[in-house]
Amino acid sequence: MKRIPLTILALAACGCTPSQMAFYGGDFDSAFKLMDGTGTLIQRPDGSQGFRYVISTDAYNGLVNGDPETLRGEALGRWLGKEQACSKGYTVDKRTDTPGGVKAVVYEGHCK
């Protein structure tokens, strides 16, 4: 049985996105948690409900084919469904790419 030198494996891992590293490393739970994103529901004084949802820009790189923005939008819908929020639909009011070295997108919106 041949052994692959550790340096070759390390160099290969350096070219991967975080989700690819988790996927190839066999840590499937981490790869799929990265794809979930996270958020907060907001109850406003007037009774309306809003949300703030954050997901990595690299959440789907190397794991799923498709338009990243569409895939992140679907993830937002799944998260709202799990939270049992916005049963009549929602509107994204603001989309922000996080500044600096953090690669994430923040969606802010309200329920209909």
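Residues numbered from 1 in each chain as written. Predicted model: local features only at pLDDT ≥ 70, side-chain atom pairs only at ≥ 80, totals over all residues. Heavy atoms only, no water.

## Structural notes on the sheet that holds strand 3 (residues 90-97)
Two orientations exist for strands paired in a sheet by backbone hydrogen bonds: parallel and antiparallel.
Moving on, step 1. Strand order across the open sheet formed by four strands is 1-2-4-3, with antiparallel pairing between neighbours. The open sheet terminates on both sides in strands that have one partner only, identified here as strand 1 (38-43) and strand 3. This sheet shows a mean twist of 20° between the axes of neighbouring strands, independent of strand direction.
Moving on, step 2. Across six bridges, the pairing between strand 1 and strand 2 (residues 49-56) is antiparallel. Residue pairing for strand 2: Thr-38 is matched across the bridge by Val-54.
Moving on, step 3. Of the strands in this sheet, strand 1, strand 2, strand 3 and strand 4 (104-111) are in contact with helix 4 (residues 68-82), which crosses strand 2 at around 130°. (Pairing = 2+ DSSP bridges. Helix = DSSP H or I, 4+ residues; strand = E, 2+ residues; numbered from the N terminus. Axes fitted to C-alpha atoms, helices over the stretch in contact; angles between N-to-C directions. Contact = heavy atoms within 4.5 Å.)

## Points about the pairing of strand 4
Moving on, step 1. The buried fraction of strand 4 amounts to six of the eight residues, a majority that puts the element mostly inside the structure.
Moving on, step 2. Sheet analysis places strand 2 next to strand 4, joined by seven bridges and oriented antiparallel. From the neighbouring strand, Arg-52 faces strand 4, where its bridge partner is Glu-108.
Moving on, step 3. The pairing of strand 3 with strand 4 spans seven bridges and is antiparallel. Considered in strand 4, the bridge of Tyr-90 is made with Cys-111. (Buried < 20%, exposed > 50% of the residue type's maximum accessible area, 1.4 Å probe, protein only.)

## What about the nonpolar core?
Moving on, step 1. Counting residues in hydrophobic clusters, the biggest one holds 15 residues, and the most contacted among them are Phe-51, Tyr-53, Ile-55, Leu-76 and Leu-80.
Moving on, step 2. Looking at this core, the elements with two or more residues in it are strand 2, helix 4 and strand 4.
Moving on, step 3. At five residues, helix 4 tops the list of elements feeding residues into this core.
Moving on, step 4. Those residues in contact with Leu-80 that lie beyond four places of it in its chain are Leu-41, Phe-51, Ala-85, Cys-86 and Tyr-90. (Core = buried A, V, L, I, M, F, W, Y, C linked by side-chain atoms within 4.5 Å.)

## Things to note about the state of the cysteines
Moving on, step 1. Counting across every chain of the model gives one disulfide.
Moving on, step 2. The side chain of Cys-86 participates in a disulfide bridge whose partner is Cys-111; the two sulfur atoms lie 1.9 Å from each other. Here the S-S torsion is close to -55°, and the disulfide linking Cys-86 with Cys-111 is therefore left-handed. Of the two residues, Cys-86 sits in the loop between helix 4 and strand 3 while Cys-111 sits in strand 4, which places them 25 residues apart along the sequence. Exposure class is identical for Cys-86 and Cys-111. Each is buried. (Disulfide = S-S within 2.5 Å.)

## Focus on the environment of Ala-85
Moving on, step 1. Note on placement: Ala-85 falls in the loop between helix 4 and strand 3.
Moving on, step 2. For the pair Ala-85 and Phe-51, spaced 34 residues apart in sequence, the C-alpha separation works out to 9.1 Å.
Moving on, step 3. The contacts of Ala-85, once residues within four sequence positions are left out, are Leu-41, Gln-49 and Leu-80.

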